[in-house]
Each structure stands twice: as C-alpha cells, then as structure tokens.
Amino acid sequence: MRTYRCGEGTVDVDDDGLVVGARHPAHPGLNAVLDDSVWWFGPDWRWGTGFLLTDAGSGRFVRPADVAFDETEVRVSYEPVPGLRLDVTRTFGEKWRERYVLRNTSTTTITIGSYAIATPIRDLYGPAAQVLREHCHAHVWTGGAESWLAAVRMDGTPPALALDLTEGELWAYSIAGRHQATSSNVRGVISLHATDHARAPHAFGGQPELRLTPGQELPLGWEIGWYDDIPAALAGHRATVSASALAAPVGTPITISTPDGPATKISTDDHQVSHVDVRHADGRQSRVAVLHHTPLEELVRRRVRTLLDHHRASERSGSRAAAFVPYDTERGLRVAHDLGWSDWSDARERIGMPQLLLEARTRGWCDNVAEVDQALLAYKEFCLEHIIKPDHRVSDGSTSSNTARLYNHPWLAQLFADLSATYGDPEDLTRAVGIIDSYYANGGEKFLAIGIAEAVLRAAHLCEESGRVKDALRLRDHLIGHARAVVALGADLPAHEVAYEQSMTAPLLSILEGAWRIEPSTSIRDAMRTVLPWLLAFAGAQPHVRLRNVPIRHWDGYWFGRSRLYGDTFPHYWSVLSGRALLDYPEDVELPDLSRARALTIAQDVLLANLVDFTADGHASCAFIFPSAVDDQPGYFADPLANDQDMGLALLLRPGMDGRTPLSHAEPS
C-alpha cells in the first residue's frame, strides 16, 4: 500500500496500482471510495478496474501486466483483450489525475461495444448518524465531453471529491452489485463508459460504436480534487453547456447554448424527452436531455380517464371491485392480486390514485365529475370494509392482515380528511382523526412517515372549522410531540424499510416545518437548518431533466416494477417530497446557504421532472431504470408497470402548508 497527496487529502494505492482510499482530514472516518471493508465488495471492482466488450473478444482489466511506482506517479499496463493494450497513468499532487490510453496493437480494426472503468463511491445506507459522517452520495453525469462524478458527504458538508473529464468523452454509466443480496441499502459500483453500445445502444440518447484502426489510440483523462464549493462540484467544474430550461410545455422552444458556437433551439409538439448534442471548439461533443410535456391540466385529465378505465379492479366481486391496482401498460392487464408482493397490493401506495382523482376534482380537471364521485365513494366503502380496522389501524391491502406498516396511515388520513371536505360527511373527518390517533398510539412519534405532518395540519384545520376544537388541539399536540421527539434524536434517525433515504429526510423536515407553524421554537428552527443540507445532498445538477435536482433513489424499480430490476430510478415520484419540503420551508426562517429563488428553482425542477413518468395518453411508469445496465441487464428504460407514481402527481396539485399549491409558486403551463 502506498499513500499519495491529493491537495489537502490523500489517496491510497494498492500493490496492483489500484485506488483503495480517498480521504480528507475534514472528514475523519470517511473513505470516499469503496474498499474491502464492505462485505460484498471485492478487488475485481476496485477503482480503476474495468472491462471491454469488442468484436475481437471481451475481457477485464484488474491484475496489471506491468506496474511502476514513483514519488508522484503510478503507471499500470494491461492487455484485457488480445490486440488491445491499456496504459494507465495516475499522477498525484495538488490534484489527482488519471489518463487511460487504449491502443489497438493488432493488424485489424477492432470495434468496441462497451468500455467501462470502475469508479466505486461509498454510497451506502446504514445507521443515519454513521452514514451522515462516513458515507457519500455519488452524483454522476456522462454527457460526452462535459462529464463528471462527485462524491458528497451525506450531511452535505464540504469538501466534496469531484472528478471532471478533461480528455475524451463519456456516454454512459452502469451499476454493478445491485441485486437481491445487497438489497435496498446499496447504490452499487458505478462504472463510467466511453460507450455501452453492446448492452444498451439506446441509452442516454444513443451510444457510439468505437472503432480503433491498427495503431490508433483512444484516450480518456480526468482530474480529481477536493472542493469546498459543493454546488459547483455537483454541476461540473468545467461545464459550459446550458439550457434555458430542462422542461417546458409542448411547442415551447428550449435554447441550448455553449460559448463555442451558436445556440440551438429545440421544440416539439410531442410529450417526450429530447437528447440534444452540441459540438465544442475542440471537436468533442456534449449532450443534454430536455422534456417537452403535455400541459398539466390536459395531462391530469387524461390520467384521470386512464385511472378510471384501467386501474379499477372491476373484475372483482363486492366492494373490492372499487380498489385501484397496478396496470401493465405493455400487456394491457391489471395486476389481479399481489400474491404476497405487498408493493403491488390494492392499498399502500396505490392510495395515490384516488388522491389524484380527488385533487383533479377539486381543481375541476376531470371530464366526468359524476363518474369520479362514484369511483371515490365506492373506494371509500372498499376502505371501510377491507382496509381500515375498527381501531383505525390501516391494512396493507384487502387480503393482508398486516396493520403494522405506519407508512399507510397518513395517506388514508389525508384522503378521508379531503373526502370530508369534498362531500361533507363528518364521519370521514372522524375517521381521518382516528387514523392519525392510531398512528401515534402505535409508535408514530418514532417514525418519519411520508405525509404525516401534512395530514395532521389538514385534519386539524378541518376540525377547527367544524367546531371540533379539542380534536384540533390534540392533533396539533401530536405533531408538536413528534417534532420534539425527532429533534431529540438528532442524527440518530430511526431506520425504516431502507436504513437511510431521501423519503426519510424530507418527511423529517416537513414534520419540523409543520410543528414550527403551530409552535415556533429555537430547537425546531435549528433542526430545520441542520436537516435541509442533508436533504439537498441527495441531488445533483446534471443537465438532464431526469437528474437535475432530483434526489437519488436506487431500489424502487425492483420493489414496484415488473422488471424487478434494482438500479437508479430517476425520477421516482417520492422525489417530489424534496420539492414540497423546500416550498413549505417557513418564510420567517432563514435558509442555510440557499436563496429563496434558488430553493424555488430546485423545487420546480423536481416537480416538473416527475411529469416525464406519464405519457401523453395518460398512461404511466412506476420506475425509469436510469443506468445503461444494472448487473449486466440493459437499463435506461421505463418499466411497463403503472403502479405507485400517482402520489407524485397528486402532490403537484395539493396545497402546501401555506395553503398555496406548488403551481402557484411558479405556474407551469
């Protein structure tokens, strides 16, 4: 083992010339790269290993043919495929620089279908207090010449380790180590690709086939350093390509500009993502991805129609026919029964479907109000008969006996509170109050449930309006107690279905924001200012509509999708929680290191990004598997199952804590 300097930090290199450590004195206990201390990680995936898929054969580069060390440099050579030689130089000092030169030593042209270099970042979830100090979020962008990778400590504190491409082009990234054994707490090993055409030719707007003639070289080079400017690290230090917007209504031009040449305007009348290439003065190309979306009202109307036509379990008997279930958009078939797979049940996250119907009805964005009313009232009877128990605990589904999942309670409490406001049945409000009471009676103060703060505030407001003052006071006391409990926990957040995640941190901030509106205190204010950087650290600033300011989630495709494939899911509808938490941040509390205008931009990016999961005809996908491949399975596709994504669209329409809808902050067309 040898240790080299990288600015104020250090880089550890093993005897094979591979990087096994990247550390900085400001982050004691943090190694930014994966090493053998992680049980599932091994030397074949260390930083700087990789593989080639070519028409001359395939191979990995791990053990070098030659390796040489001196005081500031490491030189390594490989022959991963007969006829191809790879020379790697690592130079250390103020910056850590790497150069990979692939040379065709044969007498024939070789076509390269995939060329991957492993860059494993310690992006792992575990006990919150530990990962906030000792683990990183990995933010990656492979957009041609302007590509980068950033490792940000999970609490958002600087410095960040940032890689900037300086030579060549990167067109994809893939993930390995994401599977049933490692499960939901592991991001996996990130590999950067000069191309991944052999596995996913369509990915990221299209992958090149690289051809090397005899003697020809293909160089890749990057520079790595520690940077205190986290926003710059998350946006690429050398980035020059910019877009006037990453999402706009159909027919609205989006301008792509670069200092190297004339601006490009892209417009379409179709609801779609467009990948736009620009050429730099040095001949290299970069790419951005933008969304043109159906106007929101029209999109919601079409989604409402699709929910009514395709997601109701009409083939069932009795009140169970009113349930909303997943729908396979490729095969035109509803999921008839979850068969023990609770993330496909007829409750849980599917509650977002009737929530969307109710939000659309409230805004007048449905074409047949009477049909929506019938569907919602029938759904209420389904819930009363099969989902809500006499003690107001909430079941996972109509065939499940599990009532222990606290996640489910706020969603039904919100729905029944809104049903009471819409149809005037006071018993619905009683049920909402009972569900919230049940949540807290069953340990809710120690759980960061999505939507609990919003459900409490909504039900308390309705109770107050109807003269149920004692109920309103009790509900608000619940939320104050909840906030005090989580403030006392500090960074020792309770593990949920995933040990640490964005949809734990966003509800934490929302609980604090809701409590502040009831009873402001110094401890709650300080906690909000601490938690917000944790939340922001989940997202980068890549020039891709699915990525920019969209929080990392990397397991939902497996649990919710038909493909059952782990891997980065961009965007996932729960990413909307980050936007909502930013918009709900109290006006009388200063944002830490963030302007209100910047907070609004981030929130708007997240909210509009989620429109990409819906199609112009009102169908949807529960998960877009973003990497070019996950454990060698092709990625960059929308899973065909429409399942749980409607909660995100409902949250785009629902008023926030200040009574304003997200749309009223900056109205998209």
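Up top you'll find the structure we're talking about.
Residues numbered from 1 in each chain as written. Predicted model: local features only at pLDDT ≥ 70, side-chain atom pairs only at ≥ 80, totals over all residues. Heavy atoms only, no water.

### Some points on the overall build of the chain
So, point 1. From N to C terminus, the chain includes 16 helices and 30 strands.
So, point 2. Since a compact globule built from 669 residues should have a radius of gyration of about 26 Å, the 26 Å found for the chain is in line with a globular shape.
So, point 3. With respect to the principal axes defined by its C-alpha atoms, the chain has extents near 80 × 50 × 50 Å.
So, point 4. A buried classification covers 62% of the 669 residues belonging to the chain.
So, point 5. Considering only contacts in the chain between residues 6 or more positions apart, those separated by 24 or more positions represent 65%.
So, point 6. Within the structure as shown, the chain displays about 23,000 Å² of accessible surface, and the carbon and sulfur contribution to it stands at 50%.
So, point 7. The averaged location of the 87 negative side-chain charges in the chain is 1 Å from the averaged location of its 63 positive side-chain charges. (Helix = DSSP H or I, 4+ residues; strand = E, 2+ residues; numbered from the N terminus. Rg over C-alpha atoms; globule rule 2.2 N^0.38 Å. Buried < 20%, exposed > 50% of the residue type's maximum accessible area, 1.4 Å probe, protein only. Contact = heavy atoms within 4.5 Å. Areas by Shrake-Rupley, 256 points an atom, 1.4 Å probe, with all protein chains shown as cover. Lys, Arg positive; Asp, Glu negative; His and termini not counted. Charge placed at Lys NZ, Arg CZ, Asp CG, Glu CD.)

### Notes on the side chain of glutamine 355
So, point 1. Relative to the helices and strands, glutamine 355 resides in helix H4 (residues 352-363).
So, point 2. Ignoring anything within four residues of it in the chain, the contact list for glutamine 355 reads Trp411, Gln414, Leu415, Met647, Ala650 and Arg654.

### A closer look at the pairing of strand S7 (residues 73-81)
So, point 1. Here strand S6 (residues 66-69) pairs with S7 via four bridges, running antiparallel. Bridging from a neighbouring strand, aspartate 66 pairs with serine 77 of S7.
So, point 2. If you look at the hairpin formed by S6 and S7, you'll find three residues sitting between the two strands.
So, point 3. The hairpin turn running from S7 into strand S8 (residues 84-91), its antiparallel successor, is two residues long, and glycine 83 in that turn takes a positive phi close to 95°. (Pairing = 2+ DSSP bridges.)

### Overview of the packing of H4 against helix H6 (residues 408-423)
So, point 1. Where H4 meets H6, the closest approach of the two axes is 10 Å, and the angle between their N-to-C directions is 30°. The angle between the axes of H4 and H6 places the two elements in the roughly parallel class. In this structure, H4 crosses over H6, and the sense of that crossing is left-handed. Facing Pro354, Gln355, Leu358, Glu359, Arg361 and Thr362 of H4, the residues of H6 in contact are Trp411, Gln414, Leu415, Asp418, Leu419, Thr422 and Tyr423.
So, point 2. The class makeup of the residues in the contact of H4 with H6 is six nonpolar, four polar and three charged. (Axes fitted to C-alpha atoms, helices over the stretch in contact; angles between N-to-C directions. Parallel < 35°, antiparallel > 145°, perpendicular 65-115°, else oblique. Left-handed = near helix turned anticlockwise from the far one by under 90°. Nonpolar A, V, L, I, M, F, W, Y, C, P; charged D, E, K, R; others polar.)

### Digging into unusual backbone geometry
So, point 1. Along the chain, proline 158 connects to proline 159 via a cis peptide bond; the corresponding omega equals 0°.
So, point 2. In this chain, phenylalanine 570 is followed by proline 571 through a cis amide linkage whose omega measures -15°.
So, point 3. Looking at where proline 571 falls in the secondary structure, it is placed in the loop between helix H12 (556-560) and helix H13 (576-583).
So, point 4. A positive phi is found at serine 183, a non-glycine position, where the angle reads about 60°.
So, point 5. Following the sequence through the fold, serine 183 ends up in the loop between strand S14 (172-176) and strand S15 (189-195).
So, point 6. Residue class for serine 183 comes out partly exposed when judged on its relative accessible area of 24%.

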